[in-house]
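# Structure at a glance
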Amino acid sequence: MPRQSRRVSDRRRRVGRCFLRRVAPAGALLVLASLSPHAAPAAEQPLWEFGLGAGALVFNDYRGADTTHAYPVPVPYFVYRGKFLKSDRDGLRGKLLHHDRIELNLSVNATTPVRNNSARAGMPDLRSTVEIGPSLSAHLWRSVDSRAKLDLRLPARAAFTVESHPHSIGTFNAPHLNLDLAQYAAPTGWKLGLLTGPLFAERRYDDYFYSVAPQYSTPTRPTYAAPGGYAGTQALVSLTRRFPDYWIGAYLRHDSLGGAAFAGSPLVKRDSYWSGGLAFVWMIGRSQRLVESED
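Residues numbered from 1 in each chain as written. Predicted model: local features only at pLDDT ≥ 70, side-chain atom pairs only at ≥ 80, totals over all residues. Heavy atoms only, no water.

### Quick look at the packing of aromatic side chains
As enumerated under the stated definition, the model contains 12 aromatic pairs in all. With a centroid separation of 3.9 Å and 5 degrees between ring planes, the pair formed by Y210 and F262 is classed as stacked. In this pair, Y210 sits in helix α2 (residues 203–210) while F262 sits in the loop between β13 (246–256) and β14 (272–286), placing the two residues 52 residues apart along the sequence. Here Y210 and F262 have matching classes, each one buried. (Phe/Tyr/Trp six-rings, centres within 6.5 Å; stacked < 30°, edge-to-face > 60°. Helix = DSSP H or I, 4+ residues; strand = E, 2+ residues; numbered from the N terminus. Buried < 20%, exposed > 50% of the residue type's maximum accessible area, 1.4 Å probe, protein only.)

Spelled out as structure tokens, the structure:
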């Protein structure tokens, strides 16, 4: 079928042929049946898509905290498939370098504020932080039909507090292996994501979260200076599915702080725990312009 005819057909059906690669999958291993051995060409999908929905997150105040909160959250959904700028499950990325085996992207992340935490009683609240830096990705393996993908990702980000006068709190590194498994080659069906790797932080980063200055020490919370270095491990499993008019997703993450450089901090109350979330998004709009995409 000619390309122009395919585009007209897509517009009539009003189906954005996309599968969001967000913080995918949580604990469902049932979606990987009937893998076809035939190669699948890149599908044409809208240049951008936008949606809005709601979700719920359950997480610790900070890594190692023993206080857990559940929050209802608005969930914006935005995918942009530009040549040099992309936005998907991996966040907002500027594509700085792209080869068959190697990509260099711009990586962005953030943390939430911490207030009224019992372990930090009497200490200053923790501001939100934003992290930005390069991420080198090596494509280790692809199945013939591109439904199974294994990548090594090496993000390194500088972190800054979010306030009227932001200040740097050092760098954070999270090298990890990422495996994506899709039910179908086309942008439909379930997608399972698996991620695991160690974490490393500069001394200033750990100092922001785990140090206890002398003026804030108590009989049960002695003075402590976080040294920086190895920060434990994370493992994440996620499950997503994109339908024509909505998207659903969930994830489950395990944090282990065993052997972390800051494990001796009196602010570390748990060295192993789970967190997770789920979301439902209604699609609001999409671009009429189509571009080739393997997502």
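Back to the text.
### Points about the environment of A56
Note on placement: A56 falls in strand β2 (residues 48–60). With residues up to four places along the chain from it excluded, the contact list for A56 reads Y71, P72, V73, G276, G277 and L278. (Contact = heavy atoms within 4.5 Å.)

### As for the pairing of β2
Relative to strand β3 (residues 68–81), β2 is paired through 13 bridges, and the arrangement is antiparallel. Of the residues in β3, the one forming a bridge with V58 is A70. (Pairing = 2+ DSSP bridges.)

### A short note on the environment of F280
Topologically, F280 is positioned in strand β14. Take F280: its relative accessible area is 28%, and that puts it in the partly exposed class. Distance from F280 to W247, taken between C-alpha atoms, is 5.9 Å for residues 33 residues apart in sequence. Among all residues touching F280, those that are not within four sequence positions of it are G53, A54, Y246, W247 and I248.

### A closer look at the side chain of E131
Along the chain, E131 turns up in strand β7 (residues 129–142). There is a polar contact of 3.0 Å between the side chain of E131 and the side chain of R157. Not counting chain neighbours up to four residues away, the residues in contact with E131 comprise S107, V108, N109, T111, R157, A158, A159, F172 and Y205. (Polar contact = N/O pair within 3.5 Å; in protein donor to acceptor, adjacent residues only side chain to side chain.)

### Some thoughts on the confidence of the model for the protein
Mean pLDDT for the protein: 81, with 77% of residues reaching 70 or above. Of the regions scoring below 50 in pLDDT, residues 3–40 engages in 118 contacts with residues more than four places distant in sequence or in other chains. (pLDDT = per-residue confidence, 0-100.)

### Thoughts on α2
Along α2, the residues that are buried comprise Y205, D206, Y208, F209 and Y210. For α2, the buried positions fall inside an angular range of 165 degrees around the axis, keeping them on one side. In this structure, the buried side of α2 is in contact with β6 (102–111), β7, β8 (148–161), β9 (168–173), β11 (190–201) and β12 (229–242). (Arc of directions from axis to C-beta.)

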